[in-house]
Amino acid sequence: MINLKCNCIEELIKASQGYIKNDTVFENIKILNVFTKEWISAHVYIYKKWISHVEYDVDKPLMNSKNIINGKDFFLCPAFVDAHTHIESSLLTPVNYAKLVIPHGTLTILEDAHEIANVAGEEGLRYMLSSAKSLPMRQLLTVPSCVPSVPNYENSGAIFDYKMFENFLDEENVIGLGEVMDYEGVINNDERIVKILETARRKNCYIQGHAPLITGNRLSAYLCASIKSDHEARQVEEVIEKYRQGMWIDIRDANTNHNMPKIIQALQKIGNYERVSFSSDDRRSDVIQKKGHLDGIIRHAHSCGMPLIEAYISASYRPCLEASINNLGAIAPGYIADLNVLDDIEQVNVKYVYFEGKCVSKDGKLISMLSVNLNNNDLRDTVHVPSFDENKFKIFSQNKKEIINVVEFESYSSSITNLKQIEFPTKNKQIDVSNQKDCMYVAVINRYKKDAYTIGVVKNFGINHGALASTVGHDSHNITIVYDNPKNAMLALQQLIKQKGGFCAIEDGNVIATLELPIAGLMSDESINVVVDKITKMNEANARLGNIYIDNPISRITILSLLVCPFVKISDKGIVLTEEKKYISLFE
């Protein structure tokens, strides 16, 4: 569990009155008071890693302090807290992730290591916890509740039952239970998820939610399980209903989703932001580098109409309230001195970042990583595919034509997919999709030593020729390949195995781009700039193959196997109607 209790209260009491010397004072700086919602001048005193006193009478003489920082023309706010994210989705290791986000002012994240848990189970969780030790930020773990996300409908690298949670929820730096994506299981009292939730409630843990488009009695059933939040709300009326029912709204601002304007519109109708936090969710490293982290989300929210001071509070204090993290997220006596110094609050320009009272970033550059624990077991051998050949990428038929159940994206930018029946001709006893606009083949292949795979057809994916392949496939992270012909698909599969995971793009029998992610097939240990450069090249390859419709097309392939997203997806075990939890055949 997380423990942020002060272990020097008697000394802190003395320092607050000036009986002993404080370590640092920010003199006459404008601070964000999250309780009164105002920017107000004050002297802020720090003793060790704690705020000892905030003096609002700036004419009062300073108490004795070792270090005096002139705060004139600067602003001070609590360091930012991310309500829900997945480090693995940045495609960086926990250490490099810290190097990237700390200069943006983020010092605490609620990290759901759901991705690596599906690949490597408890070993993956221990890798994340171990890698985060001694970093100048808090990477607090919410233990993944759904490994796999939808049992019996996909094969992943691990299976978590309720017994695993008995001990893991008591681990150091574990904050609670990760997003409960099996909403159908909750609503229908499925034994597995019921026992997991019972364990979390008994341990008085924070329980994070995931409830896309869940409304009415189904929403009430979900909330009765003590689930507190949702980062999937996207429609105005949906947000209003969930807010009225007492749910925390974690506004997700990741890579390609564009729900912020509608959510802010809903909150303006409500006229209240008290139960709103910010989530970067699956925000990739290139997006963070370009648009910022929570600093960028504050700017975006404000541009959509959210009052600036409310946005700052939703990026700092409110996530702590939501997750019951005491002594963090405010500038007040007894709170941890995680602080951002800004020279422009409209632009959210973070000049200095202080972690537990020590400056760790200056002018956008990290100046201290403290001591970093190097993890020897970095999970570099996780892509295992039984023998596969080109014939397995073909769809055979003895008929002259067939009606196929196709996975159709609502649009070129939506993650929602629907079922559509389309008639295709056969050519050389194989289904031929080449004459149907925007149709490609898709394969999901097990990478955990099981001889399991599914071949299907996808429409409105975006590319119109070649092949794209990825071992990042939410949430079980099997191999997904979208392709025009078996030859390109086979080359893509061979390339992924060779590079131990990641992404690759194929055109006319040639590899035109690669992004190697050898750590669990999810993360790279190369430098941030190298990874971002390779992401850029993969995005360019996506566009070259036809996906010119979204800014970050690399993410597109990762959601074809996302069984907790409406309405039809594909796993290594078959084509699945996600709401009904029902398999359907390829042929109509």
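Residues numbered from 1 in each chain as written. Predicted model: local features only at pLDDT ≥ 70, side-chain atom pairs only at ≥ 80, totals over all residues. Heavy atoms only, no water.

Observations regarding the overall build of the protein
Which entries qualify depends on this criterion: Helix and strand definitions follow DSSP, with helices as H or I runs of at least four residues and strands as E runs of at least two, each counted in order from the N terminus. A radius of gyration in this sense is built from C-alpha atoms; the matching globule rule multiplies 2.2 Å by the number of residues raised to 0.38. Classification of residues uses two cut-offs on accessible area relative to the type maximum, computed with a 1.4 Å probe and protein chains only: under 20% is buried, over 50% is exposed, and between them is partly exposed. In short, Shrake-Rupley with a 1.4 Å probe defines the accessible areas, and a residue's cover is counted only from the protein chains shown. By the counting rule applied here, Lys and Arg register as positive and Asp and Glu as negative, while His and the ends of each chain are not counted. Working definition for charges: the position is that of NZ of Lys, CZ of Arg, CG of Asp or CD of Glu.
Looking only at helices and strands, one finds 15 helices and 29 strands in the protein. In terms of C-alpha radius of gyration, the protein reaches 25 Å, essentially the compact-globule figure of 25 Å for 588 residues. Its C-alpha atoms give the protein principal-axis dimensions of about 90 × 50 × 45 Å. Here the protein holds 588 residues, and the buried ones make up 63% of them. Accessible area for the protein stands at about 22,100 Å²; split by element, carbon and sulfur atoms hold 46% of it. Charged side chains in the protein number 63 positive and 73 negative. The centres of these two groups are separated by 2 Å.

What to know about the sheet that holds strand β11 (residues 229–230)
Convention followed: We treat two strands as partners when DSSP finds at least two bridges between them. In what follows, a contact means two residues having at least one pair of non-hydrogen atoms within 4.5 Å. Each axis is a line fitted through C-alpha atoms, taken for helices only over the stretch in contact, and angles between the N-to-C directions span 0 to 180 degrees.
The parallel open sheet is built from three strands, whose spatial order is β11-β12-β13. For this open sheet the edge positions go to β11 and β13 (276–279), each flanked by a neighbour on one side alone. Bridge analysis of β11 against strand β12 (residues 248–252) gives two bridges, and the strand direction is parallel. Note on β12: the bridge partner recorded for Asp230 is Ile249. Contacts between helix α9 (residues 260–270) and the sheet are confined to β12 and β13, with β12 contributing the most and set at about 150° to the helix.

Focus: the sheet that holds strand β8 (residues 138–143)
In spatial order, the strands read β6-β7-β8-β9-β10; together these five strands make up an open sheet with parallel pairing. Among the strands making up the open sheet, the edge pair consists of β6 (80–85) and β10 (206–209). Adjacent strand axes in the sheet meet at a mean angle of 30°, parallel and antiparallel pairs treated alike. By the bridge criterion, five bridges tie strand β7 (residues 106–112) to β8 in an arrangement that is parallel. Its bridge partner being in β8, Ile109 is matched across the sheet by Gln139.

Looking at the nonpolar core
To keep things clear, this is the line we draw: Buried Ala, Val, Leu, Ile, Met, Phe, Trp, Tyr and Cys residues form a nonpolar core when they are joined through side-chain atoms within 4.5 Å.
Counting 190 residues, the largest nonpolar core has Phe26, Phe278, Tyr312, Phe393 and Ile481 as the members making the most contacts within it. At eight residues, the largest contribution of residues to this core is made by helix α3 (residues 114–131). Apart from residues no more than four positions distant in its own chain, Phe393 is found in contact with Phe388, Ala443, Ile445, Ile455, Ile481, Tyr483, Pro486, Ala489, Met490 and Leu493. Formed by 17 residues, the second largest nonpolar core is a distinct cluster that contains Cys8, Tyr47, Ile175 and Ile336.

A closer look at the layout of surface pockets
Over the atoms rolls a probe the size of a water molecule, and in doing so it shows where empty space is left. Test applied: Using only the protein atoms, space was sampled on a 1 Å grid; points where a 1.4 Å probe fits but cannot get out form cavities, open sets with protein on both sides within 12 Å along at least five of seven lines form pockets, and lining residues are those with an atom within 4 Å of a point. Grid points are joined across faces, edges and corners, and a volume is the space filled by probe spheres set on the points. When residues are sorted by character, Ala, Val, Leu, Ile, Met, Phe, Trp, Tyr, Cys and Pro go into the nonpolar class, Asp, Glu, Lys and Arg into the charged class, and all the rest, Gly among them, into the polar class.
In this structure, the second largest pocket spans a volume of roughly 530 Å³. Along the wall of the second largest pocket there are 22 residues; nearest its centre are Ile2, Arg138, Leu140, Glu172 and Asn173. Residue assignment for the lining of the second largest pocket shows that the elements contributing at least two residues are α3 and β8. Here the residues of the lining of the second largest pocket sort into nine nonpolar, five polar and eight charged.

Regarding the pattern of salt bridges
Where we set the bar: We define a salt bridge as a side-chain nitrogen of Lys or Arg found within 4 Å of a carboxyl oxygen belonging to Asp or Glu.
This model, assessed by the stated rule, comprises 34 salt bridges. Of the charged contacts, one joins Lys581 and Asp190 as a salt bridge, the two residues approaching to 3.9 Å between their closest N and O atoms. Placement of Lys581 in the loop between β28 (574–577) and β29 (582–584) and of Asp190 in the loop between α5 (183–187) and α6 (191–202) is noted, with a sequence separation of 391 residues between them. A relative accessible area of 32% places Asp190 in the partly exposed class. One network of salt bridges, with partners in common, ties together Lys37, Glu274, Glu310 and Arg318.

Observations regarding the pairing of strand β14 (residues 339–344)
Note that strand β5 (residues 75–78) and β14 share four bridges and pair antiparallel. When the sheet's bridge partners are listed, Cys77 is paired in β14 with Asn340. Of the strand pairs in this sheet, β14 and strand β15 (residues 349–355) are connected by five bridges, and their pairing is antiparallel. Bridge assignment links Asp344 to a residue of β15, and that residue is Asn349. Remark: four residues form the turn of the hairpin made by β14 and β15, two consecutive strands paired antiparallel; Val348 in that turn has positive phi of roughly 50°.

Concerning the packing of aromatic side chains
Aromatic ring pairs are described here by two measures, namely the spacing of the ring centres and the angle between the planes. Note the following rule: Pairing of aromatic side chains requires ring centres within 6.5 Å, counting the rings of Phe and Tyr and the six-membered ring of Trp. Pairs whose planes differ by under 30 degrees are stacked, by over 60 edge-to-face, and all others tilted. Placement of a positive charge over a ring is assigned whenever Lys NZ or Arg CZ falls within 6 Å of the ring centre and within 35 degrees of the normal to the ring plane.
Summed over all chains, the structure comprises 15 aromatic pairs. Judged by centre distance (5.6 Å) and plane angle (85°), the rings of Trp39 and Phe75 are edge-to-face. Separated by 36 residues along the polypeptide, Trp39 in strand β2 (residues 38–47) and Phe75 in strand β5 bring together distant segments of the chain. Accessibility expressed as a relative area gives 17% for Phe75, which makes it buried. Sitting over the face of the ring of Phe409, Arg556 holds its NZ or CZ atom 3.8 Å from the ring centroid.

Section: the packing of helix α8 (residues 236–244) against α9
Note the following rule: Small angles under 35 degrees read as roughly parallel and large ones over 145 as roughly antiparallel, with 65 to 115 read as roughly perpendicular and the rest as oblique. Left-handed describes a crossing whose near helix is turned anticlockwise from the far helix by less than a right angle; the clockwise case is right-handed.
The N-to-C vectors of α8 and α9 enclose an angle of 50°; their axes lie 8 Å apart at closest approach. Taken together, the axis directions place α8 and α9 in an arrangement best described as oblique. In this structure, α8 crosses over α9, and the sense of that crossing is right-handed. Seen from α8, the contacting residues are Val236, Glu237, Val239, Ile240 and Tyr243; seen from α9, they are Lys262, Ile263, Gln265, Ala266, Leu267, Lys269 and Ile270. Across the contact of α8 with α9, the residue classes tally to eight nonpolar, one polar and three charged.

Section: α8
Those residues of α8 not exposed but buried are Val236, Glu238, Val239, Ile240, Lys242 and Tyr243. Along its buried surface, α8 packs onto α7 (216–223), β11, β12, α9 and β13. Among the residues trailing α8, Gly246 stands out with phi positive, at a value near 90°.

Comments concerning the pairing of β2
Each regular strand shows side chains that alternate between the opposite faces of the sheet. Across the 10 residues that make up β2, a large majority, seven, are buried. Between strand β1 (residues 22–33) and β2, which pair antiparallel and follow one another directly, the connecting turn spans four residues, one of which, Lys37, has a positive phi of 55°. Here β2 folds back onto strand β3 (residues 50–55), and the loop between the two strands holds two residues, one of which, Lys48, carries a positive phi near 55°.

Focus: unusual backbone geometry
Omega for the peptide link from Val147 to Pro148 comes to -5°, which places this bond in the cis form. Take Pro148: it is sitting in the loop between β8 and α4 (162–168). The omega torsion of the bond from His474 to Asp475 falls at 5°, within 30 degrees of zero and hence cis. Turning to its location among the elements, Asp475 is positioned in the loop between β23 (467–470) and β24 (479–483). Despite not being glycine, Asn173 has its phi angle at roughly 65°, a positive value. Position of Asn173 among the secondary structure elements: in the loop between α4 and β9 (174–180). Non-glycine residue Glu356 carries a positive phi angle of around 50°. Mapped onto the secondary structure, Glu356 falls in the loop between β15 and β16 (358–362).

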